[in-house]
Amino acid sequence: MAVATDMLVPALREVREAKESLADRFKAHLTVTPPGEYREVLERRMGDARGHVYRIDERLATLQPRGVVPTVLGNAWRLTEQAARLPIDVAMSVPGVVLRGRATASEQQLLKNAEDEYAVTALALAVCRAAERIAQEAEDATSSELLSSIRRDDEEALEELANSVEQHAEAAVAAAETAETAEGPSAGGAAQAVRDWSSWLRETAERMPGADRFLGAPEGALIAEDELPIPDYRKLSTRAVLDRLPHLSQSDLATVGVYERFHAGRAAVLGKVAELLEPVPWPGYDSMTANEIVKRLGDAEPIHVRRVLDYERRHQARSTILKAAERVPA
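As a starting point, this report considers the structure included with it. It should be emphasised that the depicted structure is a prediction, and the values quoted were computed from it without experimental measurement. (Residues numbered from 1 in each chain as written. Predicted model: local features only at pLDDT ≥ 70, side-chain atom pairs only at ≥ 80, totals over all residues. Heavy atoms only, no water.)

**Looking at the overall build of the chain**
Along the backbone of the chain there are 14 helices and 0 strands. Each helix and strand of the chain, placed in order from N terminus to C terminus, yields the pattern α-α-α-α-α-α-α-α-α-α-α-α-α-α. Of all 330 residues assigned to the chain, the portion counted as buried reaches 44%. Within the chain, residue pairs in contact and separated by at least 24 positions form 75% of the contacts whose partners lie at least 6 positions apart. (Helix = DSSP H or I, 4+ residues; strand = E, 2+ residues; numbered from the N terminus. Buried < 20%, exposed > 50% of the residue type's maximum accessible area, 1.4 Å probe, protein only. Contact = heavy atoms within 4.5 Å.)

Have a look at this one:
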């Protein structure tokens, strides 16, 4: 616990920095965002991020007078923090195909901004989740509750921003197609550029860590046992629960994971849930029957076929689906 306590203040500072960066990003993007629903989303999320910074500052002011000073652990945490920021620089780079395109600049810029907002929010969420766990290990209930509240706000924001990415991708493609019609065949490269950008963005959103696993995850403390997807859950042994987990949908896995965390908190169950939570091969996959999946595999892209194989092997391992996927030419 002493180690976790030494790490708590640096972790809170990192969350504060992530939220401050997020607020600055939203503020910058607001200057080029036209009035409408999307602008209202940015204004609301900017206010949330600034509110989070204020609440973290209050908590830090309470903790720091206790004599918590930078330690070797604190210095190591700052080095880790710097390393963690490297992927975000990559995520924010614009594919060259976009720079070469001639799509409508305003729609294209809004699309780029939406991707940036999603990526930075995802990073802030990951930082907050780590800090929340450190607060729990340090047995600091006040910090843990604060970070839990911020994490829930970030999960909601991530889902909302994922929808914005899709909407702006569609708007950018529509704008490019309109320009192509007006300018003639020579403008075809613009539409293709934005289609490539849209495809790249959609792929990024689908594979972003945590994008699917937070959808529909309710508050564990409010879930009744009869709402769980596994009957007689509390009567089952740990082994029995572990055997049933691979057969659950992503939404059901999230429900079990949150319930388990607020109740028995068994490390084996929580670890298995975390292992199984991942993006589905395509939207709606978990609600499809085996026959429906096999039928769709007939004209699926190679990347989706590979995802089906990987996902099925880790989850239900239905032989009909695996055999159908293996027969699809690479």
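**Thoughts on the packing of aromatic side chains**
Counted under the stated rule, the structure contains 2 aromatic pairs. Pairing Tyr233 with Tyr259 gives two aromatic rings, centres 5.7 Å apart and planes at 90°, and the pair type is edge-to-face. Note that Tyr233 is positioned in the loop between helix 8 (188-207) and helix 9 (238-244) and Tyr259 in helix 10 (residues 250-262), a separation of 26 residues in sequence. No difference in accessibility class separates Tyr233 from Tyr259, as the two residues are buried. Residues Tyr285 and Tyr311 carry aromatic rings whose centres are separated by 5.4 Å and whose planes lie at 80° to one another, so their mutual orientation is edge-to-face. Pair noted here: Tyr285 is in the loop between helix 11 (267-276) and helix 12 (290-297) and Tyr311 is in helix 13 (residues 302-314), with a separation of 26 residues, a long-range link. (Phe/Tyr/Trp six-rings, centres within 6.5 Å; stacked < 30°, edge-to-face > 60°.)

**Overview of the nonpolar core**
Within the largest apolar cluster, 19 residues are counted, with the highest numbers of intra-cluster contacts made by Leu22, Phe26, Tyr38, Leu42, Met46, Tyr118 and Leu158. Of all the secondary structure elements, the ones that give two or more residues to this core are helix 1 (2-30), helix 2 (37-63), helix 6 (105-137) and helix 7 (141-183). In terms of residue count, helix 6 provides more of this core than any other element does, 7 residues in total. Excluding residues that lie within four positions of it along the chain, Phe26 makes contacts with Leu42, Arg45, Met46, Glu117, Thr121 and Leu161. (Core = buried A, V, L, I, M, F, W, Y, C linked by side-chain atoms within 4.5 Å.)

**As for the packing of helix 13 against helix 14 (residues 319-327)**
Interhelical geometry of helix 13 versus helix 14 gives an angle of 150° and a closest axis separation of 9 Å. The orientation of helix 13 relative to helix 14 falls into the category roughly antiparallel. Crossing of helix 13 against helix 14: the hand is left-handed. Mapping the contact onto sequence places Val305, Val308, Leu309, Glu312 and Arg313 in helix 13 and Ile321, Leu322, Ala325 and Glu326 in helix 14. Partitioning the contact of helix 13 with helix 14 into residue classes produces 6 nonpolar, no polar and 3 charged. (Axes fitted to C-alpha atoms, helices over the stretch in contact; angles between N-to-C directions. Parallel < 35°, antiparallel > 145°, perpendicular 65-115°, else oblique. Left-handed = near helix turned anticlockwise from the far one by under 90°. Nonpolar A, V, L, I, M, F, W, Y, C, P; charged D, E, K, R; others polar.)

**A few points about the environment of Leu147**
The topology assignment puts Leu147 in helix 7. Here Leu147 falls in the buried class, since its relative accessible area comes to 0%. Residues Leu147 and Cys128, 19 residues apart in the sequence, show an inter-C-alpha distance of 6.4 Å. Excluding residues that lie within four positions of it along the chain, Leu147 makes contacts with Leu12, Val15, Cys128, Ala131, Glu132 and Ala135.

**Remarks on helix 13**
Its 13 residues place the ends of helix 13 19 Å apart at the C-alpha level, agreeing with the 18 Å of an ideal helix rising 1.5 Å per residue. Looking at helix 13, one finds that the buried residues are Val305, Arg307, Val308, Leu309, Tyr311 and Glu312. (Expected span 1.5 Å × (residues − 1).)

**Details of the environment of Leu161**
Along the chain, Leu161 turns up in helix 7. Residue classification places Leu161 among the buried positions, given a relative accessible area of 1%. Along the primary structure Leu161 and Glu117 are separated by 44 residues, whereas in three dimensions their C-alpha atoms are 7.2 Å apart. In this structure Leu161 touches Phe26, Glu117, Tyr118 and Thr121, once residues within four positions along its chain are discounted.

**Observations concerning unusual backbone geometry**
Residues other than glycine seldom take positive phi values, yet Glu139 does so here, at roughly 60°. The phi dihedral of Ala317 is positive, around 55°, even though this residue is not glycine. Residue position: Ala317 is located in the loop between helix 13 and helix 14.

**Some words on the packing of helix 10 against helix 11**
Direction vectors running N to C along helix 10 and helix 11 enclose 155°, while the axes themselves pass 10 Å from each other. Between helix 10 and helix 11, the angle is such that the two are roughly antiparallel. Between helix 10 and helix 11 the crossing geometry is left-handed. Mapping the contact onto sequence places Gln250, Leu253, Val256, Gly257, Glu260 and Arg261 in helix 10 and Val269, Leu270, Val273 and Leu276 in helix 11. For the contact of helix 10 with helix 11, a count of residues per class yields 6 nonpolar, 2 polar and 2 charged.

Without other data, these values stay purely geometric and don't point to any function.
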